[in-house]
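# Understanding the architecture of this molecule
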Amino acid sequence: MTALAPVAPPAPAASAAPPHRPAGSGRRFAVTGALRFTGLAVWLLITLFPLYWIALTSFKAPATVNAFPIEYWPSQPSVQNYVNLFATSQFGVFLMNSAIVSLAAGAVATLIALLSAFVLSRFEFRSKGAVLIAFLLTQMIPAFIALGPLYSMMSDLGLVDSKFGLILVYVAVCIPFSTVMLRGFFENVPAALEEAAMIDGCSRLGALFRVLVPVMTPGIIAAFIFNFVNCWNELFLSVVLMHSTENRTVPAALNGFISTFNVDWGSMSAAAVVTILPTMAMFALASKWIVQGLTAGAVKE
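The rules behind each value
Residues numbered from 1 in each chain as written. Predicted model: local features only at pLDDT ≥ 70, side-chain atom pairs only at ≥ 80, totals over all residues. Heavy atoms only, no water. 1 Å grid on protein atoms, 1.4 Å probe; cavity = no way out; pocket = protein on both sides within 12 Å on 5 of 7 lines; lining within 4 Å. Points joined across faces, edges and corners; volume = space filled by probe spheres on them. Helix = DSSP H or I, 4+ residues; strand = E, 2+ residues; numbered from the N terminus. Salt bridge = Lys/Arg side-chain N within 4 Å of Asp/Glu carboxyl O. Nonpolar A, V, L, I, M, F, W, Y, C, P; charged D, E, K, R; others polar. Phe/Tyr/Trp six-rings, centres within 6.5 Å; stacked < 30°, edge-to-face > 60°. Buried < 20%, exposed > 50% of the residue type's maximum accessible area, 1.4 Å probe, protein only.

For the structure on display, the rule yields one cavity of 30 Å³ or more. What the largest cavity holds in volume is close to 40 Å³. Along its surface, the largest cavity is lined by S98, V101, S102, Y170, C231, W232, E234, S238, T249 and P251. Of all elements in the fold, only α3 (91-122) and α9 (217-233) reach the threshold of two or more residues within the lining of the largest cavity. For the lining of the largest cavity, the leading source of residues is α3, giving three residues.

Next up, the structure:
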């Protein structure tokens, strides 16, 4: 009987050598990161410096606003510009006017845009593409081109120098872009949600407001903030349509600090700081909703 030779165990496989990193790649990565950081730091400085300069000027004493050499930090900080702003002008009235007009126009435009975006996203009809193109084309036309015909029409309607008239104009201006924005959110929300609600007995509008609106809350808030900021910062229409001091809004009031031979930089800077604060507070409080609005409705059906 022939004896079988023992079988040698297989040799262990050689461990894979770590990939060779080219010489100098780490240094190249570090240089690229440093250049990127430097570029972002310079861009941040360029972006924030005008805001810093406005705030700095607002806290300078009126006599030192135009002093030379230039002070990059006030040696004697003063709030006299803020005192003069509210004592010598009706800036509180201007703020109230802007708040009323911007809140009302933003809310009405968002509601109308919500309904129109729902129709454009859920229904198919002839000339639907033309409607969307028309909405986008309105954003390419400068507002001052239509100032003459708009003033003539508003004058015929008796709505010149009227908050209600300005609200109507702002609503018409804000609806197109808000509709396109909210339509994108509707397109990402599964249609099965409203279909299930309608099977359970909801009407079409009931499904919209009871089911879709809670899902789209971040997008709706983002659209409202966009409308509010646009109305709050708008200048041309406010200057043309509002004549009396009691109806003037903040942008028109800021324009009033510029006279033929002088510019009141101290008061204008203080007014600019006060004007910026509401929008900054709104973005700070609603930042969570805005971030959620960027990914709202991202569930695939």
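This structure, assessed with the given rule, holds four salt bridges. Its salt-bridge partner being R204, residue E194 comes within 3.2 Å of it at the nearest N-O pair. Here E194, found in helix α7 (residues 191-199), pairs with R204, found in helix α8 (residues 204-215); they are 10 residues apart in sequence, far enough to count as distant. One salt-bridge network, in which partners are shared between bridges, spans R122, E194 and R204.

This brings us to the layout of surface pockets. Approximately 600 Å³ is the volume found for the largest pocket. Together, 23 residues line the largest pocket, and T138, A143, A172, V173 and L237 are the ones closest to its centre. Put simply, the parts of the chain that give the lining of the largest pocket at least two residues each are α5 (147-156), α6 (163-188) and α9. Its residues assigned to classes, the lining of the largest pocket comprises 19 nonpolar, three polar and one charged. If you trace the second largest pocket, you find it lined by W53, I54, T57, K60, V65, N66, A67, I70, W265, M268, S269 and A272. Residue assignment for the lining of the second largest pocket shows that the elements contributing at least two residues are α1 (25-58) and α12 (265-285). Residues belonging to the lining of the second largest pocket are distributed by class as follows: eight nonpolar, three polar and one charged.

All right, on to the packing of aromatic side chains then. The final tally for this structure, using the stated rule, is 10 aromatic pairs. Centroid distance F91 to F94: 6.4 Å. Interplanar angle 85°. Geometry classified as edge-to-face. Taken together, the residues F91 and F94, both in helix α3 and three residues apart, mark about one turn of the helix. By relative accessible area, F91 is classed as buried at 1%. Since its relative accessible area comes to 6%, F94 is described here as buried. When the ring of F228 is compared with that of W232, the centres are 5.6 Å apart and the planes differ by 25°; the resulting orientation is stacked. Within this pair, F228 and its partner W232 are both found in helix α9, separated by four residues, close to a single helical turn. Neither F228 nor W232 differs from the other in exposure class; each is buried. Through successive ring pairs, a cluster of aromatic residues spans F49, Y52 and W53.

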